[in-house]
Amino acid sequence: MGNTAEKSVANSVANSVANRGRRDFIVVATNAMLAVGAGAVAYPLIDQMNPAADTLALSSVEVDISSLEAGQAITIKWRGKPVFIRHRTPAEIAEAEAVDLAALRDPETDMARIQKPEYLIIQGICTHLGCVPLGQKIGEVKGDWGGWFCPCHGSHYDTSGRIRKGPAPTNLEVPPYAFLSDSIVKIG
């Protein structure tokens, strides 16, 4: 009888060891499947935060400004945002250069904002809340300083895109750009 009890205990221990190995395998397999499932759910969520292919394609844009006469302006899209290109008149250039920097909320010289005095290239987004300022079209309200006027909250910008009046905290942003020739400018 003692022999049978010993065999029973030995079989029980053997079964317990076999069951533990089976349970460990099931736990490892379950955790592995959970990790794969979490990755399958997380990848699309993270991937959708990347910029769209059409936005990446517009990381730089070349613009022909040869037909732009003095006093005219055009608006182009760069990275889904408006960019203002204005061919300034000699009077607008002189006005922008004559500004007393002490009178500006965000002091910046006109020469620091441009590469060629006759062309001003700025992002057409008000720095207050992101509205598009008026002043690109002939006959449009240009604000008190002849530049741009934001109709949302009344910010006024001068002919260099510097904030002069209203709630906007900073000047209109200058995007990275370079002149490839006298008539071609690359933005971005």
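Remember, predicted model here, so these are calculated numbers, not experimental data. (Residues numbered from 1 in each chain as written. Predicted model: local features only at pLDDT ≥ 70, side-chain atom pairs only at ≥ 80, totals over all residues. Heavy atoms only, no water.)

Visitor: Before we move on, could you go through a nonpolar patch on the surface and cite the residues and values that matter?
Guide: A surface patch of nonpolar side chains, amounting to about 310 Å² of accessible area, comprises Val41, Leu45 and Ile46. In this fold, Ile46 is placed in helix α1 (residues 2-47). Note on Ile46: relative accessible area 57%, which makes it exposed. (Patch = residues over 30% accessible without salt bridge, like charges linked within 9 Å, V, L, I, M, F, W, Y side chains within 5 Å. Areas by Shrake-Rupley, 256 points an atom, 1.4 Å probe, with all protein chains shown as cover. Salt bridge = Lys/Arg side-chain N within 4 Å of Asp/Glu carboxyl O. Helix = DSSP H or I, 4+ residues; strand = E, 2+ residues; numbered from the N terminus. Buried < 20%, exposed > 50% of the residue type's maximum accessible area, 1.4 Å probe, protein only.)

Visitor: Report on the pattern of salt bridges, specifying residues and quantitative values.
Guide: Under the criterion given, the structure shown has six salt bridges. The shortest N-O distance in the salt bridge between Lys116 and Asp182 comes to 3.3 Å. One end of the pair, Lys116, is in the loop between α4 (110-113) and β4 (119-123); the other, Asp182, is in the loop between β8 (177-179) and β9 (184-187), with 66 residues separating them in the sequence. A salt bridge links Asp158 to Arg162, with the nearest nitrogen and oxygen atoms 3.0 Å apart. Here the salt bridges do not stand alone but share partners, grouping Asp158, Arg162 and Arg164 into one network.

Visitor: Can you tell me about helix α3 (residues 90-97), naming the residues and giving the values?
Guide: Those residues of α3 not exposed but buried are Glu92, Ile93 and Ala96. Take α3 and look down its axis: the buried residues cluster within an arc of 100 degrees, on one side only. Seen from the open side of α3, the exposed residues pointing more than 90 degrees away from its buried face are Pro90 and Ala91. Its buried side turned inward, α3 meets β3 (81-87), α4 and β5 (146-149). (Arc of directions from axis to C-beta. Contact = heavy atoms within 4.5 Å.)

Visitor: Describe the nonpolar core, with residues and values.
Guide: Counting residues in hydrophobic clusters, the biggest one holds 26 residues, and the most contacted among them are Ile85, Ile121, Val185 and Ile187. Listed by contribution, the elements that provide at least two residues to this core are β1 (61-64), β2 (73-78), β3, β4, β8 and β9. No other element matches β4, which puts four residues into this core. (Core = buried A, V, L, I, M, F, W, Y, C linked by side-chain atoms within 4.5 Å.)

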